[in-house]
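Structure assessment
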Amino acid sequence: MTDVSTDHGTVLPSGSSALVVSAEGELSFYLPDNPPDAPVPRLVQLLVAVLMRSEDEDWVEEMLGIFEDQSRN
C-alpha cells in the first residue's frame, strides 16, 4: 500500500481494491471506479468471497484456527 496519509487515513494506490477492518471491527470493501463491463481480477474476487464468508461464524472460527495453527509452527 502506498504510504500516503490524509486526515481521513491512508490512501489506496490508483486502481487498487481493499478489504479493510475498522478500529471498531467492521469490514469495508473498496473498489476502483472501473467501467461496469471491466473484468473483476481473480484476487479481487477472493476479497469478495472473504467478505461474503465473514458472515458465517463457523467459517471465521475455522479460518482463525488455521491461522493460529500456522503461527505455532
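Residues numbered from 1 in each chain as written. Predicted model: local features only at pLDDT ≥ 70, side-chain atom pairs only at ≥ 80, totals over all residues. Heavy atoms only, no water.

Things to note about the overall build of the protein
Note the following rule: Only runs of H or I of at least four residues qualify as helices and only runs of E of at least two qualify as strands under DSSP, and these elements are numbered from the N terminus. For every residue, the accessible area (1.4 Å probe, protein chains only) is compared with the maximum for its type, and the residue is labelled buried under 20%, exposed over 50%, or partly exposed between those bounds. By definition, residues are in contact when any of their heavy atoms lie within 4.5 Å. Each accessible area is a Shrake-Rupley estimate made with a 1.4 Å probe; only the visible protein chains count as cover when residues are assessed.
Assigned secondary structure in the protein consists of two helices and four strands. Listing each helix as α and each strand as β along the protein from the N terminus yields β-β-β-β-α-α. Looking at the protein residue by residue over its 73 residues, the buried ones come to 4%. A separation of at least 24 residues holds for 17% of the contacts in the protein among residues at least 6 apart in sequence. Looking at the protein as shown, the accessible area adds up to about 6400 Å², and 54% of this sits on carbon and sulfur atoms.

What to know about the layout of surface pockets
Formally: The definitions used throughout rest on a 1 Å grid laid over the protein atoms alone, on which a cavity is an enclosed set of points accommodating a 1.4 Å probe that cannot get out and a pocket is an open set flanked by protein within 12 Å on both sides along at least five of seven lines; lining residues are those having an atom within 4 Å of a point. Grid points are joined across faces, edges and corners, and a volume is the space filled by probe spheres set on the points. In the scheme used here, Gly and all other residues not listed as nonpolar or charged are polar, with Ala, Val, Leu, Ile, Met, Phe, Trp, Tyr, Cys and Pro taken as nonpolar and Asp, Glu, Lys and Arg as charged.
Roughly 180 Å³ of internal volume is contained in the second largest pocket. Every residue lining the second largest pocket is counted, 13 residues in all, and those nearest its centre are Leu31, Asn34, Val40, Pro41 and Val44. For the lining of the second largest pocket, the residue count by class is ten nonpolar, three polar and no charged.

Description of the pattern of salt bridges
So the rule is basically this: Just to be clear on terms, a salt bridge is a Lys or Arg side-chain nitrogen sitting within 4 Å of an Asp or Glu carboxyl oxygen.
Overall, the coordinates contain two salt bridges when judged by the stated rule. Aspartate 56 serves as the salt-bridge partner of arginine 53, at 3.7 Å between the closest nitrogen and oxygen. Looking at aspartate 56, the relative accessible area reads 31%, which means it is partly exposed. Between aspartate 69 and arginine 72 there is a salt bridge, and its shortest N-O distance comes to 3.2 Å.

Re helix 2 (residues 57-72)
Selection rule: Under the convention used throughout, the expected extent of a helix is 1.5 Å for every residue step, that is, one less than its residue count. For this analysis, a polar contact is any N or O atom pair within 3.5 Å, provided that within protein one partner can donate a hydrogen and the other can accept it, and provided that sequence-adjacent residues contribute only side-chain to side-chain pairs.
Under the 1.5 Å per step criterion, the end-to-end length of helix 2 is 23 Å for 16 residues, consistent within 8% with the ideal 22 Å. N-capping of helix 2 is provided by aspartate 56, with a side-chain oxygen placed 3.0 Å from the backbone N of aspartate 58.

Section: the confidence of the model for the protein
We apply this condition: By definition, pLDDT measures how confident the predictor is in each residue, and it falls between 0 and 100.
Residues at a pLDDT of 70 or more form 89% of the protein, whose mean pLDDT is 88. Confidence, read as mean pLDDT per element, is least for strand 1 (residues 5-6) in the protein (56) and greatest for helix 1 (residues 42-53) (97).

Topic: a negative patch on the surface
What counts, and what does not: Patches in this entry comprise residues that are over 30% relatively accessible and not in a salt bridge; like charges within 9 Å are linked, as are nonpolar side chains (Val, Leu, Ile, Met, Phe, Trp, Tyr) within 5 Å. The charge count includes Lys and Arg as positive and Asp and Glu as negative, but it does not include His or the ends of the chains. Taken as the charge centre is NZ of Lys, CZ of Arg, CG of Asp or CD of Glu, depending on the residue.
Together, Glu55, Glu57, Asp58, Glu61, Glu62 and Glu68 make up a negatively charged patch on the protein surface. Since its relative accessible area comes to 42%, glutamate 68 is described here as partly exposed.

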